[in-house]
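# Reading the structure
Residues per chain, in single letters:
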Amino acid sequence: MGSEEVRHGVSLTNLDQPLFDGAEATKRDLLDYLEAVGERLVRVLRDRPLSVVRVRPGQDPFMQKNLPKYTPEWVRRVTVWAESSRREISYALCDDVRTLLWFGNQRAVEYHPTLIPADHAVGPTHLVLDLDPSPGQTFRHAAEAAKLIRGALANEGLAGAVKTSGAKGVHVFVPIESGTSVEDAAAATRAIAARAERIDPGLATTAFIRDDREGKVFLDSTRAGGATVVAAYSPRIRPGASVSFPLAWSDLDDVVPADFTVHTAPDLLADTDPWAAAMPAPQRLPADLVAEGHTIPVARVQAMHEGKRRARARRAT
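Note that the structure is a prediction, hence the values are computed from the model and not measured. Numbering of residues begins from 1 in every chain and follows the order in which that chain's sequence is written. With the structure being a predicted model, the display of local features is reserved for residues of pLDDT at least 70 and the display and counting of side-chain atom pairs for 80 or more, all residues being used for whole-chain, interface and lining totals. Excluded from the side-chain calculation are hydrogens and water; included are all heavy atoms of the structure.

### Some thoughts on the overall build of the protein chain
Secondary structure is summarised from DSSP: a helix means a run of H or I of at least four residues, a strand means a run of E of at least two, and numbering begins at the N terminus for each. Scanning the protein chain from terminus to terminus reveals 8 helices and 13 strands. Rg of the C-alpha trace for the protein chain: 20 Å, near the compact-globule value of 20 Å for 317 residues, within the 12% margin. Taken over the C-alpha atoms alone, the protein chain extends approximately 60 × 45 × 45 Å along its principal axes. Each residue is placed in one exposure class: buried if its accessible area under a 1.4 Å probe, protein chains only, is under 20% of its type's maximum, exposed if it is over 50%, and partly exposed if it falls in between. Burial statistics for the protein chain: of 317 residues in total, 54% are counted as buried. Surface accessibility of the protein chain: about 14600 Å² in total, with carbon and sulfur atoms responsible for 52%. In summary, the charge assignment counts Lys and Arg as positive and Asp and Glu as negative, without counting His or the chain termini. By convention, charge coordinates are those of NZ in Lys, CZ in Arg, CG in Asp, or CD in Glu. For the protein chain, the centre of its 39 positive side-chain charges and the centre of its 41 negative side-chain charges are spaced 7 Å apart. Atoms counted for the radius of gyration: C-alpha only. Globule rule: 2.2 Å times residue count to the power 0.38. All accessibility values rest on the Shrake-Rupley procedure with a 1.4 Å probe; residue burial counts only the protein chains present in the view.

### What to know about the UniProt feature "domain: DNA ligase D polymerase" (unreviewed entry) in the protein chain
UniProt positions are given in the numbering used here, feature names are shortened, and annotations may be inferred rather than shown by experiment. Those places that UniProt annotates as "domain: DNA ligase D polymerase" (unreviewed entry) correspond, in this numbering, to residues 26-275. The distance from the first to the last C-alpha atom of residues 26-275 is 26 Å, and the span holds 28% helix and 21% strand.

### Comments concerning a positive patch on the surface
Like charges within 9 Å and nonpolar side chains (Val, Leu, Ile, Met, Phe, Trp, Tyr) within 5 Å are joined into patches, using only residues over 30% in relative accessible area that form no salt bridge. By convention in these notes, a salt bridge is any Lys or Arg side-chain nitrogen within 4 Å of a carboxyl oxygen on Asp or Glu. A surface patch of positive charge is lined by K308, R312, R314 and R315. The residue R315 is located in helix α8 (residues 299-316) in this model.

### Remarks on helix α7 (residues 287-294)
If you check which residues of α7 are buried, you get L289, V290, E292 and G293. Here the buried residues of α7 occupy an arc of 160 degrees about the axis, which is enough to place them on one side. It is the directions from the helix axis to the C-beta atoms that the arc portrays.

### Digging into the side chain of H126
Residue placement: H126 occurs in strand β8 (residues 126-132). A distance of 2.9 Å separates a polar atom in the side chain of H126 from a polar atom in the side chain of T125. In this analysis, two residues are considered to be in contact whenever any of their non-hydrogen atoms come within 4.5 Å of each other. Apart from residues lying up to four places away in sequence, H126 is in contact with R48, F173, V174, P175, I176 and M279. Definition of a polar contact: a pair of N or O atoms within 3.5 Å, with one able to donate and the other able to accept a hydrogen when the atoms are protein atoms, and with sequence-neighbouring residues admitted only if both atoms are side-chain atoms.

### Notes on the sheet that holds strand β11 (residues 204-205)
At least two DSSP bridges between two strands are required for those strands to pair. Spatially, β11-β12-β8-β10-β9-β13 is the arrangement adopted by the 6 strands of the open sheet, whose pairing is mixed. Strands with a single pairing partner mark the edges of an open sheet, and in this sheet they are β11 and β13 (246-247). Pairing analysis gives 2 bridges linking strand β9 (residues 161-164) to β13, with the strands arranged antiparallel. Directly across from V162, in β13, lies its bridge partner L247. To define axes, lines are fitted to C-alpha atoms, for helices over the stretch in contact only, and angles between the resulting N-to-C directions are given on a 0 to 180 degree scale. Along the sheet, helix α3 (residues 139-154) contacts β8, β9, β10 (170-175), β11, β12 (217-220) and β13; its crossing angle with β10, the most-contacted strand, is approximately 20 degrees.

### A word on helix α4 (residues 182-199)
With 18 residues, α4 ought to run about 26 Å at 1.5 Å a step, and its terminal C-alpha atoms sit 26 Å apart, in line with that. All buried positions along α4 are accounted for by A185, A186, A187, A188, T189, R190, A191, I192, A193, A194, R195 and A196. Packing partners of the buried residues in α4 comprise β8, α3, β12 and α7. Any helix carries an expected span of 1.5 Å times its number of residues minus one.

### Examining the nonpolar core
The nonpolar core is taken to be a set of buried Ala, Val, Leu, Ile, Met, Phe, Trp, Tyr and Cys residues, with the residues joined through side-chain atoms within 4.5 Å. Counting 85 residues, the largest nonpolar core has L41, F103, Y111, L131, I149 and V172 as its most contacted members. Apart from the residues lying within four places of it in its own chain, the contact partners of V172 are L127, V128, L129, L131, A146, I149, L153, A161, V162 and W249. Residues V78, A82, I89 and L93 belong to the second largest nonpolar core, which totals 5 residues.

### Focus on the packing of aromatic side chains
Paired rings are identified among Phe, Tyr and Trp, the last through its six-membered ring, by centres lying within 6.5 Å, and are further divided according to the angle between planes into stacked (under 30 degrees), edge-to-face (over 60) and tilted (the rest). Under the criterion given, the structure shown has 5 aromatic pairs. Here F103 and Y111 contribute two aromatic rings whose centre-to-centre distance is 6.3 Å and whose plane-to-plane angle is 85 degrees, an arrangement assigned as edge-to-face. No difference in accessibility class separates F103 from Y111, as the two residues are buried. Residues F245 and F260 carry aromatic rings whose centres are separated by 4.3 Å and whose planes lie at 5 degrees to one another, so their mutual orientation is stacked. Note that F245 is positioned in the loop between β12 and β13 and F260 in the loop between β13 and α5 (265-269), a separation of 15 residues in sequence. For the pair shown, F245 and F260 are each scored as buried. Among the aromatic residues, ring-to-ring pairing joins W102, F103 and Y111 into one connected group.

### Concerning the environment of H141
With respect to the secondary-structure elements, H141 resides in helix α3. The sequence separation of H141 and R310 amounts to 169 residues, and the corresponding C-alpha distance is 30 Å. Non-local contacts of H141, meaning those with residues more than four positions away in its chain, are made with L203 and V217.

### Comments concerning the environment of A191
Within the secondary structure, A191 sits in helix α4. In this structure A191 comes out as buried when scored by relative accessible area, which is 0%. Taking the C-alpha atoms as reference points, A191 and S221, 30 residues apart in sequence, are found 8.6 Å from one another.

See below:
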């Protein structure tokens, strides 16, 4: 096979180059994978401003939000004002497999859509809890923490779907009714994390400051508002080119993230879409959950104030 091909109208180049150090995969393997998962990955990216993580030969991976000048006209895009950088950013909307393969040919390995679609009136579509093991912990610990989240949700009559992050962690997605405000969705996410922590404070923590986590799983409730989270089925720039893979709750104890790679995932999926199948219908957030969440400080803001307080205390001693 030559190193150039055309698929879905996209010219693909340098297909036999290694993807990244430790990937155990070539650029061709990435594009074969993206083509195989195709519509299933597009389904979770469609209509959402997309950031990608690209990795060029011999360079460190970098996140790309703004589309480069040479992007083909047929790639759909949306312009968003970025308050942090005080400029307009032209985000891609990856609405078809052709666009997905174009990104793959740019060596975009990771796909991070926003939680809010391009049509902001819809509001956030899911709550996301990101369960991140501390150094020295394993995926097993994250899986146990995910069960705490599931319990906290069930106590409110809510349900979610679970996937590997593709790294060491686990993501729980909770679909919510459209029209939920960003503030209420963020508050509910904080409350769920706090309730899960109360179920087993020895296993899990909501402490945003790393030094305060005491080797526990961090229940990250900060993926709200304009945040992005790696998509189900997205590859990761991790050893073996693992992918973020949907799980049944009953499978959490029986898998490790390395089970799911660009090589293994297509056969495991065959023609199924477990992420779509596992996702509950959108749910109304209970008022008491939202109310409790509004009493919990926003982690980043709290951490910033706490960091300043500790610095003052150190100067005073």
